[in-house]
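# Tertiary structure, described
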Amino acid sequence: MRRSEIIEEIVRRDWLIVANIGYPARELFAAADRPGNFYMLGSMGLASSLGLGLAVSQPHRVCILDGDGSVLMNLGSLATIAHHAPDNFCLIIADNKVYGSTGGQPTYTGGRTDLAAVARAAGNTQVSRVSTKSQLARALDEHEGHASIIIADTDPGNADVPVIPLSAVAIKERFMARLMGGN
Amino acid sequence: MIDTRIVHCMQAAAVDMVVSLPCNMLSGILDHIDMLPIKRISVCREEEGVGIAAGAALAGKWPVLLMQNSGLGNCVNALASLTCLYRLPLFLLMSHRGGAGEQIAAQIPMGQAAPRVLEALAIPYTAVATPDDLDALASFMRQIYADRAVGAAFLSRELWHAAQ
């Protein structure tokens, strides 16, 4: 599936969304900008960690749109997630087997590394691999109310979308206002 | 005794989230925190802790990252391009290895570089070398959180020796 299909599936649920640096954040912004979106502009690898810190600190469901290259950069995060496993946590790894925001260089998930197996071996119990939009929708429903990790087989390639025009502080302030204001 | 006073500084600054890595010098503090209603998350690498602290700060928490000063080197980009860029509150409480009495040669280079790394990032810091410095630590921490800024303190080995 395309990354845009993952985005379509998550934005129709009223969750907080943390989007990884680069095209995941840019595509989310272009498709469905909203105050409950937190766009990572730097710190590659830390979307899953930021999402975990957010999930353990407040009750709304947190969905992280991450990538295979970023998760490979912070594999220890999968163990920390397994140990704390807040039930409002959902990590979606769009696994396109390339570093898509830097020119499409291959990652190891296109070779011998299976991130679903890594996530399970790290101790996570609710782990799914999906390859179609309908499988993703079903997995999101089944995992609701549990800490979950979904590896979504994604086509390489990015939508033609601009850089996010918001400042980091503006992204933070409206996100926090959304959180403090409830729904 | 010193461990208790450091934890009291954190409580006085209303810290409600601690992200931590292990250190011999910090083990008493970690044990003390676990007896309190303060959320603590142990992480695999310091940079990961910066991410978790940022997420907690978005939810209004006032986090501390408790680590060795060597860990500062593992989280420089995250501090710059996440915590500082988004102006999220964070306090780095570090055991300062590599000074007098250090048994591990590998701790010395980063022990010497760590203050200058903070200066390069424009992160204010204080050195806590004696028990008398602890009163100032609490007010420094409160100021950092009030400013939604990043601040740091180095806890020296002499702090524990002076208290014995």
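Rules used in this analysis
- All residue numbers refer to positions counted from 1 along the written sequence of the respective chain.
- The naming scheme follows written order: chains are lettered A onward, ligands numbered 1 onward.
- Local features in this predicted model are restricted to residues whose pLDDT is 70 or higher, and side-chain atom pairs enter the listing and the counts only when it is 80 or higher, whereas totals over whole chains, interfaces and linings include all residues.
- Put simply, DSSP marks the helices as runs of H or I at least four residues long and the strands as runs of E at least two long, and each gets a number from the N terminus on.
- Atoms counted for the radius of gyration: C-alpha only. Globule rule: 2.2 Å times residue count to the power 0.38.
- Whether two residues are in contact depends on their C-beta atoms, placed from the backbone: they are in contact if these lie within 7 Å.
- Throughout, the ten residues Ala, Val, Leu, Ile, Met, Phe, Trp, Tyr, Cys and Pro are labelled nonpolar, Asp, Glu, Lys and Arg are labelled charged, and all others, Gly among them, are labelled polar.
- Axis definition: a line fit to C-alpha positions, over the contact stretch in the case of helices; interaxial angles, taken between N-to-C directions, run 0 to 180 degrees.
- Oblique is the label for any angle not under 35 degrees, not over 145, and not in the 65 to 115 range, which are roughly parallel, roughly antiparallel and roughly perpendicular in turn.
- Crossings are assigned a handedness: left-handed for a near helix turned anticlockwise from the far helix by less than a right angle, right-handed for a clockwise turn.
- By definition, two strands form a pair when at least two bridges between them are found by DSSP.
- Residue burial here comes from a neighbour count, namely the number of other C-beta atoms, placed from the backbone, that lie within 10 Å of the residue's own C-beta, with 20 or more meaning buried, 12 or fewer meaning exposed, and in between meaning partly exposed.
- A right-handed crossover is one whose linking path, passing over the helix from the first strand to the second, runs clockwise when the strands point away from the viewer.
- What the arc measures is the spread of directions leading from the helix axis to the C-beta atoms.
- To count as a nonpolar core, a set of buried Ala, Val, Leu, Ile, Met, Phe, Trp, Tyr and Cys residues must be joined through C-beta atoms within 7 Å.
- The quantity known as pLDDT measures the predictor's confidence residue by residue, on a range of 0 to 100.

## Some remarks on the overall build of chain A
When its secondary structure is counted, chain A shows 8 helices and 8 strands. Rg of the C-alpha trace for chain A: 15 Å, near the compact-globule value of 16 Å for 183 residues, within the 12% margin. Its C-alpha atoms give chain A principal-axis dimensions of about 45 × 35 × 30 Å. Of the contacts made within chain A by residues no fewer than 6 positions apart, 71% connect residues no fewer than 24 positions apart.

## Description of the interface of chain B and chain A
If you look at the interface, chain B gives 26 residues, while chain A gives 26 residues. Where the side of chain B that touches chain A is concerned, the elements lending two or more residues are β2 (39–42), α3 (46–58) and α4 (76–84) of chain B. In the side of chain B that touches chain A, the residues fall into 16 nonpolar, 4 polar and 6 charged.

## Observations regarding the packing of helix α1 (residues 2–12) of chain B against helix α6 (residues 134–146) of chain B
Any two packed helices are characterised by how steeply their axes cross, that is the angle between the axes, and by the distance between the axes. Residue and element names in this part refer to chain B. The N-to-C vectors of α1 and α6 enclose an angle of 25°; their axes lie 8 Å apart at closest approach. Taken together, the axes of α1 and α6 are roughly parallel relative to one another. Seen from above, α1 lies across α6 with right-handed handedness. On α6, the residues touching Arg-5, Ile-6, Cys-9 and Ala-12 of α1 are Leu-134, Leu-137, Ala-138 and Met-141.

## Things to note about the sheet that holds strand β7 (residues 127–130) of chain A
All names here are of chain A. Overall, parallel pairing links the 6 strands, which are arranged β2-β1-β3-β4-β8-β7 in an open sheet. For this open sheet the edge positions go to β2 (37–39) and β7, each flanked by a neighbour on one side alone. Strand-to-strand twist in this sheet, taken as the mean axis angle between neighbours without regard to direction, amounts to 15°.

## Comments concerning the sheet that holds strand β5 (residues 125–128) of chain B
Residue and element names in this part refer to chain B. Read across the sheet, 6 strands follow the order β2-β1-β3-β4-β6-β5 without closing on themselves; strand pairing throughout is parallel. What marks the edges here is a single partner per strand, and that holds for β2 and β5. With strand direction ignored, the average angle separating the axes of adjacent strands in the sheet is 20°. Pairing analysis gives 5 bridges linking strand β3 (residues 63–68) to strand β4 (residues 90–96), with the strands arranged parallel. Looking at β4, one finds that Val-64 is bridged to Phe-91. Docked against the sheet, α3 engages β1 (17–20), β2, β3 and β4, running at close to 170° with respect to β3.

## Considerations on the pairing of strand β1 (residues 16–19) of chain A
Residues in a regular strand project their side chains so that they alternate between the two faces of the sheet. All names here are of chain A. Side chains Leu-16 and Val-18 of β1 all project onto a buried face; the interleaved residues Ile-17 and Ala-19 project onto the opposite face, where all are buried too. Examined bridge by bridge, β1 and strand β3 (residues 62–67) share 4 bridges and lie parallel to one another. Counted as the bridge partner of Leu-16 is Val-62 from β3. Two strands pair when backbone bridges link them, and β1 and β2 are joined in this way by 3 bridges, in the parallel orientation. Counted as the bridge partner of Ile-17 is Asn-37 from β2.

## Quick look at the pairing of β1 of chain B
All names here are of chain B. Neither face of β1 is exposed, since Met-17 and Val-19 on one face and Val-18 and Ser-20 on the opposite face are all buried. With respect to chirality, the unit in which β1 leads through helix α2 (residues 27–33) into the neighbouring parallel β2 is right-handed. In this structure, β1 lies alongside β3, joined through 4 bridges in parallel fashion. Note that in β3 the partner of Val-19 across the bridge is Leu-65.

## As for helix α1 (residues 3–11) of chain A
Because the α-helix completes a turn every 3.6 residues, residues three or four places apart line up on one side. Residues and elements named next belong to chain A. Among the residues of α1, those classed as buried are Arg-3, Ile-6, Ile-7, Glu-9 and Ile-10. Seen from one end, α1 has its buried residues packed into an arc of 165°, which puts them on one side. Structurally, α1 contributes buried residues whose contacts are with β1, α2 (23–32), β3, β4 (89–95), α7 (133–143) and β8 (148–153).

## Focus: the nonpolar core
If you look at the biggest cluster of nonpolar residues, it comprises 103 residues, and the most contacted ones within it are Leu-65 and Ile-92 of chain A together with Ala-53 of chain B. Ranked by residues supplied to this core, first place goes to α3 of chain B with 7 residues. Aside from chain neighbours lying at most four places away, what touches Ile-92 of chain A is Ile-6, Ile-10, Cys-63, Ile-64, Leu-65, Asp-66, Ile-150 and Ala-152 of chain A.

## What about the confidence of the model for chain B?
Across chain B, pLDDT averages 95, with 99% of residues at or above 70. At the level of chain-chain contacts, confidence expressed as ipTM amounts to 0.97, with global pTM at 0.97.

## Regarding unusual backbone geometry
Residue and element names in this part refer to chain B. Backbone geometry at Ala-122 places phi at a positive 60°, although glycine is not the residue there. When you line up the elements, Ala-122 lands in the loop between α5 (107–120) and β5. Positioned with a positive phi, Arg-148 is a non-glycine residue whose angle comes to about 50°. Tracing the backbone shows Arg-148 in the loop between α6 and β6 (150–156).

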